[in-house]
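Structural overview
Okay, here's what each chain looks like letter by letter:
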Amino acid sequence: MSASSLEQLEAIYNQPFFKLIDDARATMRKHWPEDEMQLCTLLSIKTGGCSEDCAYCSQSGRSKVGLKPGPLMNTEDVMKVARLAKAEGSTRFCMGAAWKGVKETDKKFQSVLETIRAVSELGMEVCVTLGQISEDAAHQLKDAGVTAYNHNLDTSEEYYSEIITTHTYKDRLETIQNVQAAGMSVCCGGIIGMGETVTDRLKMLEVLTKFNPAPESVPINCLVPIEGTRLNEMLPEPPMIDILELVRLIATTRIALPTSKVRLSAGRRRLTKEGQTLCFLAGANSIFIGDRLLTTDNADAKDDAKLLSELNISPLAPVLSQPA
Ligand code: SAM
Ligand code: DTB
Ligand code: SF4
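Numbering of residues begins from 1 in every chain and follows the order in which that chain's sequence is written. To read the labels, note that chains go from A and ligands from 1, taken in the order they are written. Given that the model is predicted, a residue must reach a pLDDT of at least 70 before its local features are reported, and side-chain atom pairs must reach 80 or more before they are shown or counted; all residues, however, enter totals for whole chains, interfaces and linings. To get the side-chain values, take all heavy atoms of the structure and skip hydrogens and water.

Concerning helix H8 (residues 198-209)
Over its 12 residues, H8 runs 16 Å from end to end, which matches the ideal 16 Å to within 8%, given 1.5 Å per residue. The set of residues buried in H8 consists of Asp200, Arg201, Leu202, Met204, Leu205, Leu208 and Thr209. Residues of H8 that are buried in the fold lie against helix H1 (6-13), helix H6 (157-163), helix H7 (169-181), strand S6 (190-192), strand S7 (217-222) and helix H10 (243-256). The helix and strand labels rest on DSSP assignments: H or I over at least four residues marks a helix, E over at least two residues marks a strand, and numbering proceeds from the N terminus. Helix span, as expected, comes to 1.5 Å for every residue beyond the first. Think of it in three bands: with a 1.4 Å probe and only protein chains considered, a residue is buried below 20% of the maximum accessible area for its type, exposed above 50%, and partly exposed in between. Note on definitions: a residue-residue contact is assigned when non-hydrogen atoms from the two residues lie within 4.5 Å.

Concerning the nonpolar core
Nonpolar side chains tend to gather and get buried jointly when the protein is soluble and globular. Grouped together as the largest cluster of nonpolar side chains are 89 residues, with contacts concentrated most on Leu130, Leu141 and Leu246. A per-element tally of this core places H10 first, with seven residues. In this structure, Leu130 is in contact with Ala97, Trp99, Lys100, Gly101, Val102, Phe109, Val112, Leu141 and Tyr149, ignoring residues within four places of it in sequence. Here the nonpolar core consists of buried residues drawn from Ala, Val, Leu, Ile, Met, Phe, Trp, Tyr and Cys, with membership extended through side-chain atoms lying within 4.5 Å. Counting residues in each nonpolar core, the second largest holds eight residues, with Cys94, Ala266, Phe288 and Leu293 among its members.

As for helix H4 (residues 107-120)
Here H4 is 14 residues long and its end C-alpha atoms lie 20 Å apart, about the 20 Å a rise of 1.5 Å per residue gives. If you check which residues of H4 are buried, you get Phe109, Val112, Leu113, Thr115, Ile116, Ala118 and Val119. The inward-facing, buried residues of H4 contact strand S1 (36-46), helix H3 (75-87), strand S2 (92-97), strand S3 (125-129) and helix H5 (135-144). For this analysis, a polar contact is any N or O atom pair within 3.5 Å, provided that within protein one partner can donate a hydrogen and the other can accept it, and provided that sequence-adjacent residues contribute only side-chain to side-chain pairs. One side-chain oxygen of the residue at the start of H4 lies 2.9 Å from the amide nitrogen of Lys108, identifying that residue as Asp106.

Here's the deal with the site of ligand 2
Each residue is tested against the molecule or strand, and it is near if at least one of its non-hydrogen atoms lies within 4 Å. Taken together, 14 residues lie around ligand 2, and Asn152, Asn221, Leu294, Thr295 and Thr296 are the ones closest in. Thr295 places a polar side-chain atom, nitrogen or oxygen, 2.6 Å from an oxygen atom of ligand 2. The contact in question runs from an oxygen atom of ligand 2 to an N or O atom on the side chain of Thr296, over 2.8 Å. Here ligand 2 is seated within the largest cavity. When residues are sorted by character, Ala, Val, Leu, Ile, Met, Phe, Trp, Tyr, Cys and Pro go into the nonpolar class, Asp, Glu, Lys and Arg into the charged class, and all the rest, Gly among them, into the polar class. Residues of the shell around ligand 2, tallied by class, amount to six nonpolar, eight polar and no charged. Method remark: on a 1 Å grid restricted to protein atoms, a set of points is classed as a cavity if a 1.4 Å probe fits but cannot get out and as a pocket if it is open with protein on both sides within 12 Å along at least five of seven lines; lining residues have an atom within 4 Å of a point. Here the criterion for a molecule occupying a pocket or cavity is that more than half of its atoms lie within 2 Å of the pocket grid points.

Here it is in structure tokens:
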């Protein structure tokens with residue numbers, strides 16, 4: 001069943017739990033018949049000092065986290081991390097910069113393009129997340145070898161303005177359109193556990209189902225609570241995300257976006273192996289591996305290797321060709 005309206009998504013989400021899992025499994029069997037997991041590595045190539053006020057983010061210059069802003073990493077330093085990531089089995093290298101966006105005339109953008117050209121020589125998928133970009137910048141990124149651009153919607157349009165005031169949902173959608181116009185794949189998802197409702201989560205999913213082409217990947221981040229962020233003031237004791245709510249959301253995403261990779265992204269460290277297994281069963285087929293996310297620790301690498309082996313899950317091969 002394909003679904004794109006909020007009502008349809010609610011009907012899927014609210015099914016009896018095991019029926020929902022059955023439907024998600026049937027979708028997996030049809031579109032992702034092998035038990036495979038995409039293994040991605042994340043690197044923060046420009047950390048902190050960001051002009052934006054995203055309430056959850058340690059890198060916002062307006063937060064009280066006190067993160068020391070760093071310079072843009074040079075190509076050789078990034079390459080050392082990328083080579084290691086490849087050697088450790090990663091097939092996708094994702095580089096993040098704490099920027100509102102980039103101007104194509106900026107020297108820093110030219111430096112990022114040089115880095116992308118070098119990383120793409122390694123035969124890994126290359127993903128970048130640099131904030132807002134124009135269509136021209138998107139073309140240059142694609143030409144340099146980017147396979148996917150990450151730009152999250154994070155939540156529903158209504159809840160977005162509670163979390164971020166320095167840019168709008170429409171700004172996010174505009175960048176996504178520029179990425180698609182340049183023929184790059186879109187990686188777009190959100191965060192759960194920021195005080196939003198299930199309806200906010202499904203409204204975000206509704207927007208994602210309207211993308212044409214469908215997002216290549218959908219990261220589902222569980223909030224990593226960080227002291228000093230505005231969200232930490234809004235929700236001083238953020239409750240642990242209910243695992244069955246997370247599983248329902250993953251299963252609904254899998255059914256609504258059958259061909260997208262669904263990434264169990266930030267926050268995996270706080271899930272048990274049984275919880276993660278349920279997420280994989282429900283359709284999550286991508287994770288970040290390695291010690292670090294952007295500014296926080298990732299799940300333990302040895303635990304990850306053991307769990308994938310116990311579940312007989314093999315690495316998913318990279319897809320290096322880009323959509324026409
Ligand atoms: N500045 C760029 C942007 O905003 O698109 C790229 C970097 S930004 C850190 C990428 C994404 O990381 C955010 O959209 C958000 O979904 C996720 N993220 C950031 N901090 C997080 C946190 N504390 N917990 C969970 N996800 C987080
Ligand atoms: C995404 O959706 N999650 C990643 C990646 N895209 C850039 C970022 C997670 C960040 C978690 C908090 C941190 O480490 O600062
Ligand atoms: Fe800046 Fe991105 Fe963090 Fe927002 S999420 S403060 S844009 S780095």
